[in-house]
Amino acid sequence: DRNPYIVWINHPSGLPLLTISMASLYLTALSPSGVVLTSYLITIGLSPKSIGVFRAIGAMSGVIGITCFSLLRKNVPNDGNEQFASEQSTLVKSIERLRALSLSFLLLEVVSILAAAAAFMLCDTTSITSSTSWPLYLFLGAIVVSRAGLYSFDVGVLEIEQYIVDERYRNAVGSVEGALCSLCEMGMYVLSIALPKPSQFGWQVGVSASAVSFGGVCFGLFLCLYHMHLHHHHHEDDHGHDHSHGHHHHYHRHTLQQERDLNEYGYHVHLYRHRSWN
């Protein structure tokens, strides 16, 4: 019966940073299927057929991105070292690869949105003519590419959460994440109501680019501050939370799945915050 927001903010392993990085991506008007962008394109005179093609290609881009993410996720290289290729080390390597892939696709999202914002600066923001349409198509093309990054990053975040979120609180954490994403979406709608003119759409573009960039910064902090470690517990630590890895000892809480791994295997994988220079 704990408050979901208290569970979320106090959850270990950097969950708040991870959630905020995802939710920030929803504070955007630059979505092919979004109402705000569609309304703007209709207002400036883009044909319904062109808008339909744009939305369809955007959806296809997302599917292609997820497919590439899945293929790269499965292709975990093996360096041939038997000790490193053990089941335990392979698990750590797999999660680190997941984090790196998620970062790569998030960077694709950020760069594409920034490119779209730059292209928009060259557009005629009130109407479309044959002589001035090429910056608009660059703008729309960059948004299409960004879908591959967004959809893939979404999959990566969900998989990371499967590792770090305590099974007992997944519903609570999921509700908070959904609420934050909805809040960001609502924020863009409110901004559109406050700035309804086509000539003011640049504000939505600027806020969208800033929010996506902020999401990238939050995920970068998550990767830098929280590192993956494999922990082996001694018998005397079975009833506590002190553990040993290398020559350092740290206190940390265990999720339900980590406790299960400890009881069954004697080790678990954990993300915790530490100073990388120590």
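Residues numbered from 1 in each chain as written. Predicted model: local features only at pLDDT ≥ 70, side-chain atom pairs only at ≥ 80, totals over all residues. Heavy atoms only, no water.

A. Up close: the overall build of the protein. The secondary structure content of the protein amounts to nine helices and four strands. Each helix (α) and strand (β) of the protein, taken in turn from the N terminus, gives the series α-α-α-α-α-α-α-α-β-β-β-α-β. Each of the 278 residues in the protein was classed as buried or not, and the buried ones make up 44%. Look at the contacts in the protein between residues 6 or more apart in sequence, and 75% of them connect residues 24 or more apart. (Helix = DSSP H or I, 4+ residues; strand = E, 2+ residues; numbered from the N terminus. Buried < 20%, exposed > 50% of the residue type's maximum accessible area, 1.4 Å probe, protein only. Contact = heavy atoms within 4.5 Å.)

B. Focus on the packing of aromatic side chains. Throughout the structure, instances matching the rule amount to eight aromatic pairs. Summarising the aromatic geometry, the rings of Tyr-40 and Phe-201 are spaced 4.1 Å apart at their centres and angled 10° between planes, so their arrangement reads as stacked. On the criterion of sequence distance, the pair formed by Tyr-40 in helix α3 (residues 35–43) and Phe-201 in helix α8 (residues 201–225) is long-range, its members being 161 residues apart. What makes Tyr-40 buried here is its relative accessible area of 5%. We classify Phe-201 as buried; its relative accessible area is 3%. Feature note: the residues Tyr-40, Phe-120, Phe-139 and Phe-201 constitute an aromatic cluster, connected by ring pairs. (Phe/Tyr/Trp six-rings, centres within 6.5 Å; stacked < 30°, edge-to-face > 60°.)

C. Structural context of the nonpolar core. Counting 57 residues, the largest nonpolar core has Leu-37, Leu-41, Leu-136, Phe-139, Phe-201, Phe-219 and Phe-222 as its most contacted members. Elements represented by at least two residues in this core include exactly α1 (4–9), α2 (15–24), α3, α4 (48–74), α5 (87–120), α6 (134–164), α7 (170–194) and α8. Per element, the largest residue contribution to this core is eleven residues, and it comes from α6. (Core = buried A, V, L, I, M, F, W, Y, C linked by side-chain atoms within 4.5 Å.)

D. Structural view of α4. The end-to-end C-alpha distance of α4 is 40 Å, a good match for the 39 Å that 27 residues give at a rise of 1.5 Å each. Ile-51, Phe-54, Gly-58, Ser-61, Gly-62, Gly-65, Phe-69 and Arg-73 are the residues of α4 that are buried. (Expected span 1.5 Å × (residues − 1).)

E. Highlighting the pattern of salt bridges. Applying the stated criterion to the full structure yields three salt bridges. The residue Arg-73 makes a salt bridge to Glu-159 at a minimum N-O spacing of 2.9 Å. Remark: Glu-159 occurs in helix α6 and Arg-73 occurs in helix α4; sequence separation between them is 86 residues. Judged by its relative accessible area of 11%, Arg-73 is buried. (Salt bridge = Lys/Arg side-chain N within 4 Å of Asp/Glu carboxyl O.)

F. Expanded view of the side chain of Arg-147. Note that Arg-147 resides in helix α6. One polar contact links the side chain of Arg-147 to the main-chain carbonyl oxygen of Leu-30, over a distance of 3.5 Å. Those residues in contact with Arg-147, other than ones at most four positions away along the chain, are Leu-30, Ser-31, Pro-32, Gly-58, Ser-61, Gly-62 and Glu-109. (Polar contact = N/O pair within 3.5 Å; in protein donor to acceptor, adjacent residues only side chain to side chain.)

G. Seen up close, a nonpolar patch on the surface. On the surface, Val-35, Leu-183, Met-186, Tyr-189 and Val-190 cluster together to form a nonpolar patch covering roughly 490 Å² of accessible area. It is α7 that contributes the most residues to the nonpolar patch, four residues altogether. Checked against the element boundaries, Tyr-189 lands in helix α7. (Patch = residues over 30% accessible without salt bridge, like charges linked within 9 Å, V, L, I, M, F, W, Y side chains within 5 Å. Areas by Shrake-Rupley, 256 points an atom, 1.4 Å probe, with all protein chains shown as cover.)

H. Region of the structure containing the environment of Cys-68. Within the fold, Cys-68 resides in helix α4. Along the backbone, Cys-68 and Phe-105 are 37 residues apart, and their C-alpha atoms lie at a distance of 10.0 Å.

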